[in-house]
Amino acid sequence: MKMFKKSMSILLVIMMLASSFALCSFAADDVTVSLRIEGIDKCLFYGDVTVAADSTVLDVIKAADEAEESLTTTIVDSDYGPYLVDINGIVAGTYTDMMWDGWSYMVDGVAPDVGVSAYRVESDDVIVMYYGDPWNTGMQYPIINTEKLADGEISFTSMDTVYDENWNAVTKECAVTGYVLTWGYNGKTVEITPDENGVCKIPYKYLTMGKHTVQIEKYDAKTDLPTVLRYAPDFYVEISFFDGIMAFFKMIFEAITSLFA
């Protein structure tokens, strides 16, 4: 009898272990990616999405649509496969005088050469859908430069595709100009415009120690289409204790200097 109970206990343990391995195998078939959807003037969705292995970017968008009540999408069939036409009422071709405005996407900072229905995602991919016209009005993807942040200066560059005199495509690092910077400090925000070279001078009183949210926006003057890809809502830069103290003393020095100017 004791031997029987012992055998049953061993069998039960084996079954539990087998069940655990099965669950682990099933969970391994899922992948989790980051999805951000940037509309014309604001972020429409930002979060992680879990889908089955071998899913496409389009599957990720569908899963986000099903899970998020504030998100709606319209997908139609075309000669080239499923086509994402509309997100939250923003329909491709909204600007009738444009030829190519619509929804584009990037994965890990690179624009794939296939549509959203063909690109297979992998775990930890970072997907950004955005509305614009990269081929006509252009789109810049800003890289922040904080080398002179202690002096209150921030600038941005973008790796842009330009064409030489023979119309050969060349990738070139270009300054981002004409944008508006929204700088967050102590729970508040302030808008700052750059100089003609794209350098923003942030007043020292806003250079407090800790994390500061950063957002950048730029729109085409004729169409109001975005021409710079915004940062994620949680993007920030951090000012160290030393830089914060230095900024404080510089602010005091400027105030004293202005009194005797």
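Cut-offs and rules
Residues numbered from 1 in each chain as written. Predicted model: local features only at pLDDT ≥ 70, side-chain atom pairs only at ≥ 80, totals over all residues. Heavy atoms only, no water. Core = buried A, V, L, I, M, F, W, Y, C linked by side-chain atoms within 4.5 Å. Buried < 20%, exposed > 50% of the residue type's maximum accessible area, 1.4 Å probe, protein only. Helix = DSSP H or I, 4+ residues; strand = E, 2+ residues; numbered from the N terminus. Contact = heavy atoms within 4.5 Å. Salt bridge = Lys/Arg side-chain N within 4 Å of Asp/Glu carboxyl O. Pairing = 2+ DSSP bridges. Axes fitted to C-alpha atoms, helices over the stretch in contact; angles between N-to-C directions.

Chemist: Sorry, what's going on with the nonpolar core here?
Modeler: Within soluble globular proteins, side chains that are nonpolar generally end up buried alongside one another. Counting residues in hydrophobic clusters, the biggest one holds 28 residues, and the most contacted among them are Leu35, Ile37 and Met129. Counting residues per element, the ones that place at least two in this core are strand 1 (30–38), strand 2 (43–52), helix 2 (57–67), strand 4 (81–87), strand 6 (102–107) and strand 7 (126–132). Top element by residues in this core is helix 2. It accounts for 5 residues. In this structure Leu35 touches Phe45, Tyr46, Gly47, Val49, Val60, Ile61, Ala64, Ile127 and Met129, once residues within four positions along its chain are discounted. Phe156, Leu181, Tyr204 and Val228 belong to the second largest nonpolar core, which has 22 residues in total.

Chemist: Quick question: what am I supposed to make of the pattern of salt bridges here?
Modeler: Any two side chains of opposite charge can pair, on the condition that their charged atoms come close. Per the counting criterion, the structure on display carries 3 salt bridges. Across the pair Glu38 and Arg36 runs a salt bridge whose closest N-O atoms are separated by 2.8 Å. Taking the shortest distance from any N to any O, the salt bridge between Arg230 and Glu38 comes out at 2.9 Å. Linking Arg230 in the loop between strand 14 (210–217) and strand 15 (236–239) with Glu38 in strand 1, this pair joins segments that are 192 residues apart in sequence. Overall, the relative accessible area of 6% leaves Arg230 in the buried class. Of the residues examined, Glu38 reaches a relative accessible area of 3% and is grouped as buried.

Chemist: Any chance you could explain the sheet that holds strand 4 here in plain terms?
Modeler: Strands belonging to one sheet form pairs held by backbone hydrogen bonds; the direction of such a pair is parallel or antiparallel. If you walk across this open sheet you meet the 3 strands as 3-4-5, and the pairing is antiparallel. In the strand order of this sheet, the two ends are held by strand 3 (73–78) and strand 5 (90–91), each with one partner. Relative to the sheet, helix 2 contacts strand 3 and strand 4, its axis offset from that of strand 3 by approximately 145°.

Chemist: For this particular structure, what's the right way to read the sheet that holds strand 1?
Modeler: Read across the open sheet, the 4 strands follow the order 2-1-7-6; overall the sheet is mixed. Edge positions in the sheet fall to strand 2 and strand 6, since each of these pairs with one other strand and no more. Shown here is a sheet whose adjacent strand axes are inclined to one another by a mean of 20°, direction ignored. Here strand 1 runs beside strand 2; their pairing, made up of 9 bridges, is antiparallel. Its bridge partner being in strand 2, Val31 is matched across the sheet by Val51. Strands in contact with helix 2 are strand 1, strand 2, strand 6 and strand 7; relative to strand 2, the strand with the most contacts, it is inclined by about 110°.

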